[in-house]
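Coordinate inspection notes
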Amino acid sequence: MEFERLPGYSVDDLVVSGANKLAVELISGWPSWPSAVIVLAGPTGSGKTHLASIWKTQSQARQFQPGAIGEPQLPQSGAALVEDVDADHLDEYGLFHLINQVRASSGTLLLTSRTFPGGWGASLPDLMSRLKSATTVEISEPDDALLSAVIIKLFADRQLTVEPHVVRYLVNRMDRSLATAMQLVEQIDKLSLARQSRVSRALAADALEQLDRGRDQSGF
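Residues numbered from 1 in each chain as written. Predicted model: local features only at pLDDT ≥ 70, side-chain atom pairs only at ≥ 80, totals over all residues. Heavy atoms only, no water.

Each helix and strand in the protein chain was counted, giving 8 helices and 5 strands. Along the protein chain, from the amino end to the carboxyl end, the secondary structure elements read α-β-α-β-β-α-β-α-β-α-α-α-α. Seen through its C-alpha atoms, the protein chain measures out along the principal axes to roughly 60 × 35 × 35 Å. Put simply, 70% of the contacts in the protein chain that link residues at least 6 apart link residues at least 24 apart. Split by element, the accessible area of the protein chain, about 11800 Å² in all, is 49% carbon and sulfur. With 20 positive and 26 negative side-chain charges, the protein chain shows a separation of 4 Å between the mean positions of the two kinds. (Helix = DSSP H or I, 4+ residues; strand = E, 2+ residues; numbered from the N terminus. Contact = heavy atoms within 4.5 Å. Areas by Shrake-Rupley, 256 points an atom, 1.4 Å probe, with all protein chains shown as cover. Lys, Arg positive; Asp, Glu negative; His and termini not counted. Charge placed at Lys NZ, Arg CZ, Asp CG, Glu CD.)

Structure representation (structure tokens):
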């Protein structure tokens, strides 16, 4: 029976580079944040969910869905999390009330998004006024150093040895996404087991081709 490997979102799984250094420092510095509301903005696959998961654990935050915040009740810690604020129809009144509750209780709120608040399409003036006082931290697309370190760690977690030239080959050809790195290493692991062979550049090339072909067939 084959068991699915779930993504690791713990502190031990975190890899830091210039692309996410400021965001990591901010999450690590909680609760001494520069403002009650923090917006973590960055492209898909940049690691926002990983950082949000780490913060949710350490702050005991309650997570709310962006399209259904409603009349929020904060946990004892006063911490709240809303991920992918720009990915769904935003409950603007709910978010407005959530921000008010967080500020009134001296709590903290982490919002993650692909774009800055100005790009959320919010029309409620009071909400936009509240968001202007939030601190926005941008997390960049994964750079070569981050992707390389993540790939090496993912292989090590599977007790696989990978040569540096294979890592460079992957980084130069793969989509710049941490999610893609996880999918790619998983595909290479499967091919390595099926063929009873080591992780080579040829094996990596086949895995890349199969991953790309699978995305083309699924429409993504």
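Moving on: helix α2 (residues 48–59). For α2, which comprises 12 residues, the first-to-last C-alpha distance of 16 Å matches the rise-based estimate of 16 Å (1.5 Å per residue) to within 8%. For α2, the secondary structure elements touched by its buried residues are α1 (21–28), β1 (37–41), β3 (79–82) and β4 (108–113). Just downstream of α2 lies Q60, where phi reads positive at about 55°. (Expected span 1.5 Å × (residues − 1).)

Sheet strands line up and pair through hydrogen bonds in the backbone, either parallel or antiparallel. Pairing is parallel in the open sheet, where 5 strands are placed in the order β2-β3-β4-β1-β5. In this open sheet, the two edge strands, each paired with only one partner strand, are β2 (62–64) and β5 (135–138). In this sheet, neighbouring strand axes are inclined to one another by 20° on average, regardless of whether the strands run parallel or antiparallel. Each of β1, β2, β3 and β4 touches helix α3 (residues 92–104); the most contacted strand, β4, lies at about 145° to it. (Pairing = 2+ DSSP bridges. Axes fitted to C-alpha atoms, helices over the stretch in contact; angles between N-to-C directions.)

Interhelical geometry of helix α5 (residues 144–157) versus helix α6 (residues 164–173) gives an angle of 125° and a closest axis separation of 10 Å. When the axis of α5 is compared with that of α6, the two are oblique. Considering how the two elements wind past one another, α5 and α6 form a crossing that is right-handed. Residues D144, L147, S148, I151, I152 and F155 of α5 form the contact with α6, whose own contacting residues are V167, L170 and V171. (Parallel < 35°, antiparallel > 145°, perpendicular 65-115°, else oblique. Left-handed = near helix turned anticlockwise from the far one by under 90°.)

Residues W30 and P31 are joined by a peptide bond in cis, for which omega reads 10°. Mapped onto the secondary structure, P31 falls in the loop between α1 and β1. Even without being glycine, Q60 reaches a positive phi, approximately 55°. Relative to the assigned elements, Q60 resides in the loop between α2 and β2. At S106, a residue that is not glycine, the phi angle is positive and equals roughly 55°. Checked against the element boundaries, S106 lands in the loop between α3 and β4.

Our focus in this paragraph is the packing of aromatic side chains. Tallied over the entire structure, the rule returns 2 aromatic pairs. Plain terms: the ring middles of W30 and W55 are 6.3 Å apart, the flat faces sit at 90° to each other, and that makes the pair edge-to-face. In this pair, W30 sits in the loop between α1 and β1 while W55 sits in helix α2, placing the two residues 25 residues apart along the sequence. Since its relative accessible area comes to 0%, W55 is described here as buried. Each ring, one from W33 and one from W55, has its centre 5.2 Å from the other, and the planes form 20°; the classification is stacked. Of the two residues, W33 sits in the loop between α1 and β1 while W55 sits in helix α2, which places them 22 residues apart along the sequence. (Phe/Tyr/Trp six-rings, centres within 6.5 Å; stacked < 30°, edge-to-face > 60°. Buried < 20%, exposed > 50% of the residue type's maximum accessible area, 1.4 Å probe, protein only.)

We now examine the environment of L109. Residue position: L109 is located in strand β4. L109 sits 15 residues away from L124 along the chain, and the two C-alpha atoms are 19 Å apart. What L109 contacts, discounting residues up to four positions off in sequence, is W33, A36, V37, I38, A80, L81, V82, L95, L98, I99 and V102.

For β1, the tally of buried residues reaches 5 of 5 residues, placing the bulk of the element in the interior. Here β1 shows two buried faces, one formed by V37, V39 and A41 and the other by I38 and L40. By the bridge criterion, 5 bridges tie β1 to β4 in an arrangement that is parallel. Bridged to L40 within β4 is T112. Relative to β5, β1 is paired through 4 bridges, and the arrangement is parallel. Its bridge partner lying in β5, A41 is registered against E138.

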